[in-house]
Amino acid sequence: MSDSLAIHWFRKDLRLSDNPSLTAASVHNRVLPIYILDDSNTGEYAMGAASGWWLHHSLVSLNTSLNSSLSIYRGNPIEILVDIITRCNVKAVYWNRCYEPWAMHRDEKIKARLQARAIAVESYNGALLWEPWTVKKNNGDPYKVFTPFYRQGCLQSEVPRQPVPIPQATLYHHDTESTLSIDNLGLLPNTQWGKGLEANWIIGEEGAQARCRQFINEGLSEYKDGRNLPAKPYVSRLSPYLNFGEISPHQLWYTVRSIADNQHVEHFCRELGWREFSYSQLYHNPDLPTKNLQQKFDNFPWVEDQASLRAWQKGQTGVPMVDAGMRELWQTGYMHNRVRMIVGSFLVKNLRLHWHNGKQWFWDTLVDADLANNSASWQWVAGCGADAAPYFRIFNPITQGQKFDPDGCYVRRFIPEIAYLPNQYLFNPWEAPEHILKAAGVELGITYPKAIVDLKMSRNLALTAFQSLKKLSS
Ligand SMILES: Cc1cc2nc3c(=O)[nH]c(=O)nc-3n(C[C@H](O)[C@H](O)[C@H](O)COP(=O)(O)OP(=O)(O)OC[C@H]3O[C@@H](n4cnc5c(N)ncnc54)[C@H](O)[C@@H]3O)c2cc1C
């Protein structure tokens with residue numbers, strides 16, 4: 001390649017390994033790596049506080065891997081790119097594709113604008129095993145049900161591309177009055193909350209690789225059934241790393257498959273398939289974050305109740321399995337998938353609060369907050385999405401706890417104030433006789449809240465409300 005300078009624009013691909021855009025840019029004899037905090041195009045999807053916290057540390061880690069060559073900006077990418085191109089005589093711009101509707105719209109405009117200035121623009125797939133427009137039914141329609149999407153749409157189409165190694169690139173650093181330090185981006189929350197999150201994660205590409213190795217050593221061989229047990233180390237906890245692109249799904253796909261060919265590996269790959277399904281839904285339904293996929297839900301009689309919402313957010317509902325999940329989220333930025341389904345069902349079915357409330361709180365507090373996965377999953381929980389949980393499937397937080405946290409380790413970890421209750425009453429303390437509560441040091445309404453709803457009654461009210469929709473649509 002001629003003596004030229006190319007930009008690699010890091011976005012949700014904060015890694016060097018298996019980064020197809022960075023690899024392609026490296027054919028130029030100098031590469032200028034940049035990150036732009038785009039707060040001009042995100043609209044209502046500006047990142048939440050936990051994502052901002054993660055991003056800060058991820059950029060620090062990436063910059064170290066790049067020998068401090070990462071140039072950081074904040075603002076509207078098109079203006080920033082044009083400015084750098086003019087100042088530095090850049091010949092080409094490279095990036096890995098993003099799939100959020102606002103980002104796709106932005107990128108299309110940027111591509112056209114740069115190409116009109118005779119700048120080469122190349123984009124690559126760094127984030128999905130199968131890009132959403134490639135997986136279609138024979139008649140060209142998108143899939144609405146997961147199993148055929150995955151089995152026929154994904155597995156029977158082209159195999160995912162192989163990961164690419166870290167390229168040899170000569171890096172160029174651009175430092176002007178418009179470049180910022182990572183601290184200047186102001187991504188860290190100015191509360192103690194961020195400090196608490198820090199104990200749980202090693203952020204960045206090396207942390208992602210270490211997490212992947214740990215999962216392979218400790219979790220993969222138990223994954224199929226063990227993935228339902230929130231107290232056990234059988235899930236990967238790789239979701240934030242995947243979300244920020246610190247590891248690629250391609251690397252995961254091929255790494256686990258190289259280790260074994262068994263039901264656990266198959267199941268793990270299938271879960272990666274759910275992520276692909278969420279992206280497919282978002283691509284084909286850009287309103288997925290806000291609009292019920294099943295229109296009949298537009299008439300659902302949601303309840304407005306700020307006090308219940310607050311209790312749910314803070315893990316103070318008095319229902320231990322729900323509170324444990326919400327406190328795990330607050331303390332670690334993560335919540336186990338089984339418990340996400342339990343707290344979600346409790347919010348939309350027992351409390352009958354709109355799923356938007358749950359989606360928004362998760363968006364702000366999850367370190368893996370992902371527009372596609374979060375929106376599709378909340379629609380699934382509420383019953384209004386594609387291939388959604390049927391309306392009559394209302395998770396019972398007592399039996400769910402007894403089944404999936406049988407020794408109560410998960411609940412006791414996050415709700416120490418009821419840790420001395422015997423297992424028999426750990427998930428339903430309101431049913432415990434007074435002497436048992438006393439012996440465990442529990443005073444309901446004082447040391448731990450009384451349940452804010454009666455589970456049976458609220459379940460029946462939810463069923464009645466959902467049945468009224470059925471009548472409307474029949
Ligand atoms: C109400 C609700 C909200 C959710 N919001 C998000 C979100 O914002 N971001 C997010 O990444 N996931 C979300 N999920 C999906 C799922 O809970 C997480 O992906 C999973 O818990 C991440 O943990 P893990 O990496 O240990 O998963 P593992 O079990 O180790 O799975 C590996 C990877 O597969 C993907 N995956 C697993 N389960 C699912 C699933 N059900 N749907 C889509 N992808 C999946 C994830 O990328 C995950 O990292 C949500 C689920 C629910 C019920």
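Procedures and definitions
Residues numbered from 1 in each chain as written. Predicted model: local features only at pLDDT ≥ 70, side-chain atom pairs only at ≥ 80, totals over all residues. Helix = DSSP H or I, 4+ residues; strand = E, 2+ residues; numbered from the N terminus. Rg over C-alpha atoms; globule rule 2.2 N^0.38 Å. Buried ≥ 20, exposed ≤ 12 C-beta atoms within 10 Å, placed from the backbone. Contact = placed C-beta atoms within 7 Å. Domains from an automatic or database assignment. Nonpolar A, V, L, I, M, F, W, Y, C, P; charged D, E, K, R; others polar. Pairing = 2+ DSSP bridges. Right-handed = clockwise from strand over helix to strand, strands pointing away. Axes fitted to C-alpha atoms, helices over the stretch in contact; angles between N-to-C directions. Parallel < 35°, antiparallel > 145°, perpendicular 65-115°, else oblique. Near = placed C-beta within 6 Å. Core = buried A, V, L, I, M, F, W, Y, C linked by C-beta atoms within 7 Å. Arc of directions from axis to C-beta. Left-handed = near helix turned anticlockwise from the far one by under 90°.

(A) Geometry of the overall build of the protein chain. A tally of helices and strands in the protein chain yields 21 helices and five strands. Relative to the globule expectation of 23 Å for 474 residues, the C-alpha radius of gyration of the protein chain, 24 Å, shows essentially globular dimensions. Considering only C-alpha atoms, the protein chain reaches an extent of 80 × 50 × 45 Å along its principal axes. Burial analysis of the protein chain (474 residues in total) assigns 44% to the buried set. Partitioning the contacts of the protein chain with sequence separation of at least 6, the portion at a separation of at least 24 is 75%.

(B) Geometry of the domain arrangement of the protein chain. Taken domain by domain, the protein chain comprises domain 1 (5–126), domain 2 (128–163 + 205–284) and domain 3 (295–473). Here domain 2 and domain 3 have C-alpha centroids that lie 26 Å from each other. At the junction of the two partners, domain 2 supplies 17 residues and domain 3 supplies 19 residues. Broken down by secondary-structure element, the contributors of at least two residues to the side of domain 2 that touches domain 3 are helix H9 (239–243) and helix H11 (263–284). By residue class, the composition of the side of domain 2 that touches domain 3 is nine nonpolar, five polar and three charged.

(C) Region of the structure containing the pairing of strand S5 (residues 120–124). Alignment of strand S4 (residues 90–96) against S5, held across five bridges, turns out to be parallel. Residue pairing in the sheet places Tyr-94 in a bridge with Glu-122 of S5. Of the crossover connections in this fold, the one passing from S4 over helix H4 (residues 101–116) to the parallel S5 is right-handed.

(D) Expanded view of the packing of helix H10 (residues 249–259) against H11. The geometry of H10 relative to H11 is characterised by a closest axis approach of 10 Å and an angle of 170 degrees between their N-to-C directions. Of the possible angle classes, the one that applies to H10 and H11 is roughly antiparallel. On H11, the residues that touch Pro-249, Leu-252, Trp-253, Val-256, Arg-257 and Ile-259 of H10 are Val-265, Phe-268, Cys-269 and Leu-272.

(E) Region of interest: the pairing of strand S1 (residues 5–10). Counting buried residues along S1, six of its six residues qualify, which places the element largely inside the surrounding structure. Bridge count for S1 against strand S2 (residues 30–37) is six bridges, and the pairing is parallel. Bridge pairing in S2 links Ala-6 to Val-31. Crossover connection from S1 via helix H1 (residues 20–25) to parallel S2: handedness right-handed. As paired strands, S1 and S4 are joined by five bridges and run parallel to one another. Within the sheet, the bridge partner assigned to Leu-5 lies in S4 and is Val-90.

(F) Representation of the sheet that holds S4 in the model. As summarised here, the arrangement of the five strands in space is S3-S2-S1-S4-S5, forming an open sheet in which the pairing is parallel. The two strands at the open ends of the sheet, each matched to only one other strand, are strand S3 (71–74) and S5. Mean inter-strand twist for the sheet, computed between neighbouring axes without regard to direction, equals 25 degrees.

(G) Focus on the site of the ligand. In the vicinity of the ligand there are 27 residues, among which Ser-236, Ser-239, Asn-337, Asn-374 and Ser-377 approach most closely. Among the secondary structure elements, those contributing two or more residues to the shell around the ligand are H9, H11, helix H14 (337–350) and helix H16 (371–382). When its residues are assigned to classes, the shell around the ligand shows 11 nonpolar, nine polar and seven charged. Mapped onto the domain boundaries, the shell around the ligand takes at least three residues apiece from domain 2 (128–163 + 205–284) and domain 3 (295–473).

(H) Spotlight on the nonpolar core. Residues Ile-7 and Val-93 are the most contacted members of the largest nonpolar core, which totals 127 residues. With residues up to four places along the chain from it excluded, the contact list for Ile-7 reads Leu-32, Ile-34, Ile-84, Val-90, Val-93 and Tyr-94.

(I) Quick look at unusual backbone geometry. Even without a glycine there, the phi angle at Ala-118 is positive, about 65 degrees. Under the C-beta neighbour-count criterion, Ala-118 is labelled exposed, with 7 such atoms within 10 Å. Residues other than glycine seldom take positive phi values, yet Arg-352 does so here, at roughly 55 degrees. Inspection of the secondary structure assignment puts Arg-352 in the loop between H14 and helix H15 (355–365). By the C-beta count within 10 Å, which is 20 here, Arg-352 ends up buried.

(J) Spatial organisation of H10. Among the residues of H10, Pro-249, His-250, Leu-252, Trp-253 and Val-256 are the ones counted as buried. All buried residues of H10 fall inside an arc of 165 degrees around its axis, so they share one side. In this structure, the buried side of H10 is in contact with helix H7 (205–218), H9 and H11.

(K) Expanded view of the environment of Val-90. Looking at the element boundaries, Val-90 is found in strand S4. The exposure class assigned to Val-90 is buried, which follows from the 23 C-beta atoms found within 10 Å. The sequence separation of Val-90 and Arg-30 amounts to 60 residues, and the corresponding C-alpha distance is 9.8 Å. If we ignore the near neighbours within four places in the chain, the residues touching Val-90 are Leu-5, Ala-6, Ile-7, Leu-32, Ile-84, Ile-85 and Ile-119.

(L) Region of the structure containing the packing of H15 against H16. H16 packs onto H15 with a crossing angle of 145 degrees between their chain directions and a minimal axis gap of 10 Å. Considering how the two elements wind past one another, H15 and H16 form a crossing that is right-handed. Across the interface between the two elements, Trp-355, Gly-358, Lys-359, Phe-362 and Trp-363 of H15 pack against Asn-374, Ser-375, Trp-378, Gln-379, Val-381 and Ala-382 of H16. Taken together, the residues of the contact of H15 with H16 sort by class into six nonpolar, four polar and one charged.

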